[in-house]
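Geometric and topological summary
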There are 2 protein chains.
Amino acid sequence: MRQNLQNTKLTLCCFYPHNGITMHRFFLPPECFGHDGITLPLEVVHQIIRVLRLKTGDRIIALDNSGFEYEAELISLEKDTASAAVIQKRRGKGEPEIEVTLYQSLLKADKFEFVLQKCVELGVSTFVPVLSERSVAGKPSANRLERWRKIIKEAAEQSGRSCLPDLMPTATFVEACSNASDPGIMLWEGEISTGLSQVLSQNKFRGTSHLSIFIGPEGSFSPNEIDLAKKMGLVTVSLGQRILRAETAGMAAVSVIIYALGGFTV
Amino acid sequence: MRQNLQNTKLTLCCFYPHNGITMHRFFLPPECFGHDGITLPLEVVHQIIRVLRLKTGDRIIALDNSGFEYEAELISLEKDTASAAVIQKRRGKGEPEIEVTLYQSLLKADKFEFVLQKCVELGVSTFVPVLSERSVAGKPSANRLERWRKIIKEAAEQSGRSCLPDLMPTATFVEACSNASDPGIMLWEGEISTGLSQVLSQNKFRGTSHLSIFIGPEGSFSPNEIDLAKKMGLVTVSLGQRILRAETAGMAAVSVIIYALGGFTV
């Protein structure tokens, strides 16, 4: 069985096509938005013509990463240039109210990419790859970071996000703990008394507008890392009695937290 | 990027190794459990010797699919036979209190396998593959079913389940709706007023010991299917404003539901 996260745009249908969201979405750089309308970059022109086979008169959603979305009609479409006229500018609905930063310890490449893709769909705002003591995977190369950014962008466009999630530079565990904003939780299998529901019902978490989540590598966090995290104010929590693979733990925790803090409301 | 769900036992470390759960676990047929101890089947003998390289004196957890687990010490280990003495029989902790049946519309093979693996980890009890109107994938072959059973068994052993989740025969959508026990929910992108939190706070759902969850194929349910499901008493719910891929929707919904109904408690 093979799962390829790249080039998935053509085959993956949208499961949740809300009004306006079935139109194809594109995050565009600021210089594309002008007084006269939107000029599409070459890469998007090619995608629109060769892959999506859109025609003049078809509509797209252009995104400037400000939280707004621009419903726009394609008015000219040539081999290497295309432009669109803005029909409506509106506030996007794709961002959860809670801003989640996921400090994900580096995992084997396919697992890490899986976490990125799924957690963009679920609503994570910022990803910080963390070099943990027991990370099997090393610091990502420039090529890999490029690939990760592409996965994030495609997942954000496909899932109807209004802002492009950030991929921060890889941090050491110490840097991650120092930089993480409060409140923060760390999923840890050794935590035997505190479950996620207990923590999320505390005022500090229930009322927060942002949350840091730390997820370990395949071999879990080291005792030193747990000590340091606790000293830095992170709350260690368990996801219960079953053993979750590292990449499942992240997705499950993000699903539950975004749900519990109101991010799945209709 | 490739993700291979088979043969993952060697490389995937347990993220959540609770006491006793770091021992390797094996679901065994009833005839293996005798008055004198446990006789291991050939396949497990080979795995223990060649792959896991266990030795006499090492302990394993044997599972008879009754909800109990048997901590057992390997007392003889030969090329084709092995036996173990039961040290302790105890009730397993790997089952959530809520019994979830997942009616998952057939997806492309890799996505369906992904859903099986992740949802076993999360605690689903029964899987029913459903032939929906818009399913791209057809009815699974005997070989594929065999492979799916293997994925379920490996995920159940790895994640510390005490009972082996069932894989039921593929059902048509009508059969699935008729057979599903009440209460049941159906994730549907067209539902614009009812969110998961509203539904899960109703008494009918909050106090239930079992729940049926319907998840659509890549192209979603058809209008006819939605009508039928509603007539049969299924409650349609939305997972919010973002568009989730079909395989993400299942995992996210199962995570949230099992959490909300107490299945992630420590």
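Here's a quick rundown of the structure. All of these numbers come straight from a predicted model, not from anything done at the bench.

Reading the values: the criteria
- Residues numbered from 1 in each chain as written.
- Chains lettered and ligands numbered in written order.
- Predicted model: local features only at pLDDT ≥ 70, side-chain atom pairs only at ≥ 80, totals over all residues.
- Heavy atoms only, no water.
- Helix = DSSP H or I, 4+ residues; strand = E, 2+ residues; numbered from the N terminus.
- Rg over C-alpha atoms; globule rule 2.2 N^0.38 Å.
- Buried < 20%, exposed > 50% of the residue type's maximum accessible area, 1.4 Å probe, protein only.
- Contact = heavy atoms within 4.5 Å.
- Areas by Shrake-Rupley, 256 points an atom, 1.4 Å probe, with all protein chains shown as cover.
- Lys, Arg positive; Asp, Glu negative; His and termini not counted.
- Charge placed at Lys NZ, Arg CZ, Asp CG, Glu CD.
- Axes fitted to C-alpha atoms, helices over the stretch in contact; angles between N-to-C directions.
- Parallel < 35°, antiparallel > 145°, perpendicular 65-115°, else oblique.
- Left-handed = near helix turned anticlockwise from the far one by under 90°.
- Buried area = accessible area lost by both parts, 1.4 Å probe.
- Salt bridge = Lys/Arg side-chain N within 4 Å of Asp/Glu carboxyl O.
- Polar contact = N/O pair within 3.5 Å; in protein donor to acceptor, adjacent residues only side chain to side chain.
- Nonpolar A, V, L, I, M, F, W, Y, C, P; charged D, E, K, R; others polar.
- Pairing = 2+ DSSP bridges.
- Least-squares fit on C-alpha atoms with pLDDT ≥ 70 in both.
- Right-handed = clockwise from strand over helix to strand, strands pointing away.
- Phe/Tyr/Trp six-rings, centres within 6.5 Å; stacked < 30°, edge-to-face > 60°.
- Lys NZ or Arg CZ within 6 Å of the ring centre and 35° of its normal.

Secondary structure assignment for chain A yields eight helices and 13 strands. Taken against the 2.2 N^0.38 rule, which gives 18 Å for 266 residues, the C-alpha radius of gyration of chain A at 20 Å falls within 12% of a compact globule. Referenced to the eigenvectors of the C-alpha coordinate spread, the extents of chain A come out at roughly 60 × 40 × 35 Å. Among the 266 residues that make up chain A, the fraction classed as buried is 58%. Long-range pairs, those at least 24 residues apart, make up 74% of the contacts in chain A with a sequence separation of at least 6. When the accessible surface of chain A is totalled, it reaches about 11,000 Å², and 49% of it is carbon and sulfur. A gap of 4 Å separates the mean positions of the 29 positive and 29 negative side-chain charges of chain A.

All names here are of chain A. For the pair helix H2 (residues 109-122) and helix H3 (residues 142-159), interaxial distance at closest approach is 8 Å and the crossing angle is 30°. Regarding the angle of H2 to H3, the classification is roughly parallel. In this structure, the crossing between H2 and H3 has a hand that is right-handed. Each of Ala-109, Phe-112, Glu-113, Leu-116, Gln-117, Val-120 and Glu-121 in H2 lies in contact with H3, whose residues at this interface are Arg-144, Arg-147, Trp-148, Ile-151, Ile-152, Ala-155, Ala-156, Gln-158 and Ser-159.

So, about the interface of chain B and chain A. Counting residues at the interface gives 77 residues for chain B, matched by 78 residues for chain A. Both faces combined, the contact of chain B with chain A buries some 7,000 Å², and carbon together with sulfur accounts for 58% of it. Counting across the chain B and chain A interface gives four salt bridges. Across the pair Glu121(A) and Arg245(B) runs a salt bridge, and its minimum N-O distance is 3.3 Å. The interface formed by chain B and chain A contains 18 residue pairs in polar contact (both at pLDDT 80 or more). Elements with a contribution of two residues or more to the side of chain B that touches chain A: helix H2 (109-122), helix H3 (142-159), helix H5 (196-200) and helix H8 (246-260) of chain B. Looking at which element gives the most residues to the side of chain B that touches chain A, the answer is H8(B), with eleven residues. Considering only residue class, the side of chain B that touches chain A consists of 34 nonpolar, 26 polar and 17 charged.

Another point: the pattern of salt bridges. All chains considered together, the criterion is met by 28 salt bridges over all chains. Among the charged side chains, a network of salt bridges with common partners joins Arg25(A), Arg59(A), Glu69(A), Glu71(A), Glu73(A) and Arg90(A).

All names here are of chain B. If you walk across this open sheet you meet the six strands as S1-S4-S5-S6-S3-S2, and the pairing is mixed. With partners counted over all chains shown, the strands left at the sheet margins are strand S1 (25-27) and strand S2 (33-34), one partner each. Relative to strand S4 (residues 59-63), S1 runs parallel, the two being bridged by three bridges. Bridging from a neighbouring strand, Phe-27 pairs with Leu-63 of S4.

When chain B is fitted onto chain A, the two copies agree to an RMSD of 0.0 Å after a turn of 180° and an axial shift of 0.0 Å. Here the copies are linked by what is in effect a two-fold axis.

Here we take up the pairing of strand S8 (residues 126-131) of chain B. All names here are of chain B. S8 sits mainly inside the fold: five of its six residues count as buried. Relative to S8, strand S7 (residues 99-105) runs parallel, the two sharing five bridges. Counted as the bridge partner of Thr-101 is Thr-126 from S8. Since S7 and S8 lie parallel, the crossover through H2 that links them has a hand, and here it is right-handed. One ladder, built from two bridges, connects S8 with strand S9 (residues 166-167); its direction is parallel.

Our focus in this paragraph is the packing of H2(A) against H8(B). At a minimum axis separation of 11 Å, H2(A) and H8(B) run at an interaxial angle of 75°. Taken together, the axes of H2(A) and H8(B) are roughly perpendicular relative to one another. In this structure, H2(A) contributes Lys118(A), Glu121(A) and Leu122(A) to the contact, and H8(B) contributes Glu247(B), Thr248(B) and Ala252(B). Here the contact of H2(A) with H8(B) is composed, by residue class, of two nonpolar, one polar and three charged.

Throughout the structure, instances matching the rule amount to eleven aromatic pairs over all chains. Both rings, one in Phe33(B) and one in Tyr70(B), keep their centres 5.0 Å apart while their planes meet at 45°; by these two values the pair is tilted. Of this pair, Phe33(B) sits in strand S2 while Tyr70(B) sits in strand S5 (residues 68-77), and the two are 37 residues apart along the sequence. An aromatic cluster is defined as three or more aromatic residues linked by ring pairs; in this entry it consists of Tyr103(A), Phe173(A), Phe214(A) and Phe221(A). Sitting above the plane of the Phe114(B) ring, Lys118(A) keeps its charged end 5.7 Å from the centroid. In this arrangement the basic side chain of Lys89(B) is found over the ring face of Phe68(B), its NZ or CZ atom lying 4.6 Å from the centre.

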